[in-house]
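# Examination of the molecular architecture
Residue-level listing of the chains:
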Amino acid sequence: MVDFARVQKELQECNRDFEVSGIRVVPNGEANLAHLLGTIPGPLGTPYEGGTFKIDITLPDGYPFEPPKMRFATKVWHPNISSQSGAICLDILKDQWSPALTLKTALLSVQALLSAPEPDDPQDAVVAQQYLRDYQTFVGTARYWTEAFAMISSLGVEEKVQKLVEMGFPEALVRSTLESVGGDENLALEKLCST
Amino acid sequence: MSKRVLCKFFAHGACLKGEHCEFSHDWKAPPNNICTFYLKGVCAYGSRCRYEHVKVSRQSSAPSSEDISFPVERLSGTATHSTGILADAAAKHSASSEPPARPAWETMSGHDNILDQGYGVGYFSNVDSADQSICSFAAAGDCPHGEKCPHIHGDLCPICGKHCLHPFRPQEREEHMKTCEKRQKHLEVLRHSQEIECSVCLERILSKPTTAERKFGILSECDHPFCVTCIRNWRSSSPSSGLDVNSALRGCPICRKLSYFVIPSVIWYSSKEEKQDIIDSYKAKLRSIDCKHFDFGNGTCPFGTSCFYKHAYRDGRPEEVVLRHLGAEDGNTVIAKNMRLSDFLRNLQIR
């Protein structure tokens, strides 16, 4: 059985210092806390800078004695992350897990992985090959993928905000709502109307 | 000679005073079960009353005048049980017809009178002050008699802040100070332990819902606190998830330092010595319990000589282990483990 009391605490703790870490974990739709959605900002000074990456988190029954299952929901070009499935190759999510780690620290480690790829222990061989043989192309592709997939919600965000503000909602509320639904205009409108 | 009337509390098996009780703890002593209501005039229970309905009190045991010392000396003013009997005695006193023949216990009602009549001064000077007990009201915090209290008021204990140090019993004083200090220390440690959170369940260990969970699991090699349930859960979790027993499970979840055992404890320690004390007392406790694997010599314990439990035969004889010393290749001596045929077979190569 998942220790939901602990998960609840972790969520509170994590979202409290969102301003500092930029890391957020929210329940994924259902009321069940075993399914979560984490978001991490791309680390500065890397091709992932400016992107917001979504990570799908599933808590196994043994959590926190078993590692959480994490997978990138946003497409990423990285030697240790599968460009197809989003699977992450990170020791602490496997045999180096410790119950003293939390979702936040695990996400921080994933963020650190983005800034420090390990091409010698790859998850995606193609990306790793490119990283080792042609670093410039790798950076270009990673940058392109970030702009194409990790910034999609932020690209049209100003337009969406404008549109919703014109409907008569306060701008601050519109922004926070848009953020909470992951940039989906229709969902945001639904949420704004229901509150 | 003052031990005359059977203690009511003793009769019910509940006297807390033991041998210091001012009433008799001898079953042969006559019980004082005369109905006080009947003596006063009316008893609502009538013939169904379980106390005796007799007018005349125990004349046979009437005291001589020197018995007067009994009530004041013995009556330590201790709260509960003597006051109840005082009331009884007072009632009887009012009912009895012949004052000089009144029984010993009745005189208890008059410890104030004794002072009034001037017995007090002579009386107190006769008795060694170390033999008097101190006023328990004052010891508990507040004596309603204040200055006029016939009992000695104890000195203030600087640790617990109560007037409970006997001025004339140095040994008792010292003892009290010692226990007080110990208790104070324990409270301090407990307060400190109260704050500690387990990094696995993220809860305060001593605030967990059940008593069984309110225990620290101390790791032998590092100083990171966990609840005993959490750390044991982690260490015993199945290695199915690909976790390595030695590198992950047996290590501290925080610093990953390898610890071979966990010590349960109700308090957290603040120094190395305290930790060692906890470990030692835990090991000492286990050493007194017979090892179920060893089973008085009928079984074999996988932990062998490093087992924490007692390895002894049924007649109390401890297990004798003859260590086998072998010369190693490099010239040093090594202690050989039990040899098994399978050890050799494993290395056997069939060509």
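Residues numbered from 1 in each chain as written. Chains lettered and ligands numbered in written order. Predicted model: local features only at pLDDT ≥ 70, side-chain atom pairs only at ≥ 80, totals over all residues.

### Observations concerning the overall build of chain B
The helix and strand inventory of chain B stands at 12 helices and six strands. Taking all 351 residues of chain B together, the buried fraction comes to 19%. Within chain B, contacts between residues at least 6 apart in sequence are counted, and of these 41% link residues at least 24 apart. (Helix = DSSP H or I, 4+ residues; strand = E, 2+ residues; numbered from the N terminus. Buried ≥ 20, exposed ≤ 12 C-beta atoms within 10 Å, placed from the backbone. Contact = placed C-beta atoms within 7 Å.)

### Focus: the overall build of chain A
The secondary structure content of chain A amounts to nine helices and four strands. Sequence-ordered secondary structure for chain A, helices as α and strands as β, is α-α-β-β-β-β-α-α-α-α-α-α-α. Long-range contacts, defined here as pairs at least 24 residues apart, represent 50% of the contacts in chain A between residues at least 6 apart.

### Some words on the UniProt feature "zinc finger region: C3H1-type" (unreviewed entry) in chain B
All names here are of chain B. According to UniProt, the "zinc finger region: C3H1-type" (unreviewed entry) feature falls on residues 1-28, 29-56, 129-156 and 285-314. For residues 129-156, the helix share is 18%, the strand share is 7%, and the end-to-end C-alpha distance is 18 Å. Helix makes up 10% of residues 285-314 and strand 0%, with an end-to-end C-alpha separation of 19 Å. (UniProt positions renumbered as here; feature names shortened; annotations may be inferred.)

### Quick notes on the nonpolar core
In terms of nonpolar packing, the biggest core is built from 54 residues, with Ile55 and Val110 of chain A together with Cys227 and Cys230 of chain B touching the most fellow members. The dominant element in this core, judged by the number of residues it contributes, is helix α3 (residues 103-115) of chain A, at six residues. With residues near it in sequence (within four places) discarded, cysteine 230 of chain B still touches Pro99 of chain A together with Cys198, Val200 and Cys201 of chain B. The next biggest cluster of nonpolar side chains, apart from the first, holds seven residues, and it includes Cys135, Ala138, Ile152 and Cys164 of chain B. (Core = buried A, V, L, I, M, F, W, Y, C linked by C-beta atoms within 7 Å.)

### Looking at the interface of chain B and chain A
The figure often quoted for interface size is the accessible area lost as the parts come together. Contacts between chain B and chain A engage 16 residues on the former and 15 residues on the latter. If one sorts the elements of the side of chain B that touches chain A by residue count, helix α9 (residues 228-236) of chain B sits on top with three residues. Grouping the amino acids of the side of chain B that touches chain A by side-chain chemistry returns nine nonpolar, five polar and two charged. (Nonpolar A, V, L, I, M, F, W, Y, C, P; charged D, E, K, R; others polar.)

### Description of the sheet that holds strand β1 (residues 24-27) of chain A
Adjacent strands of a sheet pair through backbone hydrogen bonds, lying either parallel or antiparallel. All names here are of chain A. The strand order across the open sheet built from four strands is β1-β2-β3-β4, with neighbouring strands paired in antiparallel fashion. Of all the strands in the sheet, the pair left with one neighbour each is β1 and β4 (69-72). With strand direction ignored, the average angle separating the axes of adjacent strands in the sheet is 25°. Bridging between β1 and strand β2 (residues 35-41) involves four bridges; their strand directions are antiparallel. Pairing of valine 25 across the sheet is with glycine 38, part of β2. (Pairing = 2+ DSSP bridges. Axes fitted to C-alpha atoms, helices over the stretch in contact; angles between N-to-C directions.)

### Some thoughts on unusual backbone geometry
Cis geometry is adopted by the peptide bond preceding proline 64 of chain A, which originates at tyrosine 63 of chain A and carries an omega value of 5°. Mapping proline 64 of chain A onto the fold places it in the loop between β3 (52-58) and β4. For aspartate 295 of chain B, which is not glycine, the phi torsion reads 50° and is therefore positive. Looking at the element boundaries, aspartate 295 of chain B is found in the loop between α11 (272-287) and β5 (324-327). With 13 C-beta atoms counted inside 10 Å, the residue aspartate 295 of chain B sits in the partly exposed group.

### Considering the confidence of the model for chain B
Residues and elements named next belong to chain B. Confidence in the prediction of chain B, expressed as mean pLDDT, is 74, and 72% of residues score 70 or more. Ranking the elements of chain B by mean pLDDT puts helix α3 (residues 69-74) last with 42 and strand β3 (residues 216-219) first with 92. Below pLDDT 50 for its whole length, residues 57-87 participates in 48 contacts with residues either more than four positions away or in separate chains. Considering only residues more than four positions removed or in separate chains, one finds that residues 89-125, a stretch of pLDDT under 50, has 53 contacts. Across the whole predicted complex the pTM is 0.60, and at the interface the ipTM reaches 0.70. (pLDDT = per-residue confidence, 0-100.)

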